[in-house]
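What follows is each chain in one-letter form.
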Amino acid sequence: MRAKRLSLYPGLLLGALVAACGSAPPELDARVLREATVLLVPGHCAGVIVEDGRHVLTAAHCVASSAQRIELELHDGSQLSGTSVFVDRDRDVALFQLDAVAPVLALPVAPALPQPGEGLLFAGRYDPPGEVQQAWLQRLGRCPSLPGVPQALFTTLHGEKGDSGSPVVDLRFRVVGLVHGGAACSIATPTADFAPIVRQLAAEL
């Protein structure tokens, strides 16, 4: 799913949203979200570097059932490899551990679900680059293609083919979901349940 970029200026967008909903750490801006987003190689999906920079989350439907290794391309064209930790197809989440720390600012995974009405940010794939989208969480609910998820994220983001696995973040730049699909590719699978797993794995390295 490939993002339809909206005509929004990152500075104005982030300034308005952060003023309304709380402060983001000063080192975080739209560029950080784009740089933490990676592309799966080969393939037509995305993922996100999280927590310690040694782990990447993506959509499970983007990963072959037999895949034990993954190849990623970063925004600067460099590549990294990683090993499968787990793939949860019912919840459409896959976690890989990278062979080396990614040279980007990794994004934390939010420990709780966002709430309806909460502001979200979405960048999608970085090829070609575009503006970050402002989105909103409309509701939490069941999605037929996510049988293991009682509270999928129904958002207002506009994505297209190729954006599967791209991160959806809150206004503190914490990952709250991964693009799954649906009308206008606006449904995301939540990642809150995986936050303690990623942190435990990071602590063990």
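Refer to the structure above for everything that follows.
Residues numbered from 1 in each chain as written. Predicted model: local features only at pLDDT ≥ 70, side-chain atom pairs only at ≥ 80, totals over all residues. Heavy atoms only, no water.

Colleague: Can you help me understand the nonpolar core in this one?
Modeller: A general tendency of soluble globular proteins is for nonpolar side chains to be buried together. Leu 33, Val 48, Val 50, Leu 57, Leu 107 and Leu 121 are the most contacted members of the largest nonpolar core, which totals 24 residues. For this core, the secondary-structure elements that each account for two or more residues are helix H2 (30-36), strand E2 (46-50), strand E6 (93-98), strand E11 (175-181) and helix H3 (195-204). No other element matches the four residues that H2 contributes to this core. Beyond its immediate chain neighbours, meaning those up to four positions away, Leu 57 contacts Gly 47, Val 48, Val 50, Val 93, Ala 94, Leu 95, Val 109, Gly 165, Leu 178 and Thr 191. Counting residues in hydrophobic clusters, the runner-up holds 20 residues, among them Leu 40, Leu 80, Ala 94 and Phe 96. (Core = buried A, V, L, I, M, F, W, Y, C linked by side-chain atoms within 4.5 Å. Buried < 20%, exposed > 50% of the residue type's maximum accessible area, 1.4 Å probe, protein only. Helix = DSSP H or I, 4+ residues; strand = E, 2+ residues; numbered from the N terminus. Contact = heavy atoms within 4.5 Å.)

Colleague: Could you clarify how one ought to interpret the pairing of strand E9 (residues 152-155) in this entry?
Modeller: Along a regular strand, successive side chains alternate from one face of the sheet to the other. Here E9 shows two buried faces, one formed by Ala 152 and Phe 154 and the other by Leu 153 and Thr 155. Pairing between strand E8 (residues 133-141) and E9: four bridges, direction antiparallel. The residue bridging Leu 137 from the neighbouring strand is Thr 155, located in E9. Here E9 pairs with strand E12 (residues 187-190) via two bridges, running antiparallel. Each bridged residue has a counterpart across the sheet, and for Leu 153 the counterpart in E12 is Ala 188. (Pairing = 2+ DSSP bridges.)

Colleague: In this structure, what is going on with the packing of aromatic side chains? I would like to understand it.
Modeller: The geometry of an aromatic ring pair is captured by two quantities: the separation of the ring centres and the angle between the planes. Per the counting criterion, the structure on display carries one aromatic pair. With centroids separated by 5.4 Å and ring planes inclined at 20°, the aromatic side chains of Phe 86 and Phe 194 adopt a geometry described as stacked. Here the residue Phe 86 occupies a position in strand E5 (residues 79-88), and Phe 194 occupies one in the loop between E12 and H3, the gap between them amounting to 108 residues. Judged by relative accessible area, which is 1%, Phe 194 ranks as buried. (Phe/Tyr/Trp six-rings, centres within 6.5 Å; stacked < 30°, edge-to-face > 60°.)

Colleague: Help me out: how do you make sense of the sheet that holds strand E10 (residues 167-169) in this one?
Modeller: Here we have six strands rolled up into a closed barrel, ordered E7-E8-E9-E12-E11-E10, and antiparallel in their pairing. Between one strand axis and the next, the sheet turns through 45° on average, direction left out of account. (Axes fitted to C-alpha atoms, helices over the stretch in contact; angles between N-to-C directions.)

Colleague: Any chance you could explain the sheet that holds strand E3 (residues 55-58) here in plain terms?
Modeller: One key point about sheets: their strands pair by backbone hydrogen bonds, in either a parallel or an antiparallel sense. Pairing within the closed barrel is antiparallel, and its six strands lie in the order E1-E2-E3-E6-E5-E4. Averaged over all adjacent pairs, the angle separating strand axes in this sheet is 40°, with direction ignored. Where strand E1 (residues 37-41) and E2 come together, three bridges link them in antiparallel fashion. In the strand pairing of E2, Leu 39 is matched with Ala 46.

Colleague: Just checking my understanding: could you explain the state of the cysteines for this structure?
Modeller: Put plainly, two cysteines are in a disulfide when a covalent bond ties their sulfur atoms together. For the structure shown, the criterion picks out one disulfide. Covalent S-S linkage joins Cys 45 and Cys 62, the inter-sulfur distance amounting to 2.2 Å. Here the S-S torsion is close to -80°, and the disulfide linking Cys 45 with Cys 62 is therefore left-handed. Of this pair, Cys 45 sits in the loop between E1 and E2 while Cys 62 sits in the loop between E3 and strand E4 (69-73), and the two are 17 residues apart along the sequence. Of the two residues examined, Cys 45 and Cys 62, each falls in the buried class. (Disulfide = S-S within 2.5 Å.)

Colleague: Help me understand H3, please; the structure alone is not making it clear to me.
Modeller: Each full turn of the α-helix corresponds to 3.6 residues, which orients residues three or four apart in the same direction. What H3 keeps buried is the set Ala 195, Val 198 and Leu 201. Looking down the long axis of H3, one finds its buried residues gathered within 135° of arc, a one-sided arrangement. Exposed residues on H3 whose side chains face more than 90 degrees from its buried face are Pro 196, Ala 203 and Glu 204. Packing partners of the buried residues in H3 comprise E2, E3, E5 and E6. (Arc of directions from axis to C-beta.)

Colleague: Can you walk me through the pairing of E2 in this structure?
Modeller: Within E2, five of the five residues are buried, leaving the element largely enclosed by the surrounding structure. In this structure, the hairpin formed by E1 and E2 is closed by a connection of four residues, where Gly 43 is found at a positive phi of approximately 140°. Looking at chain direction, E2 and E3 are connected through four bridges and run antiparallel. Paired with Val 48 across the two strands is Leu 57, which belongs to E3.

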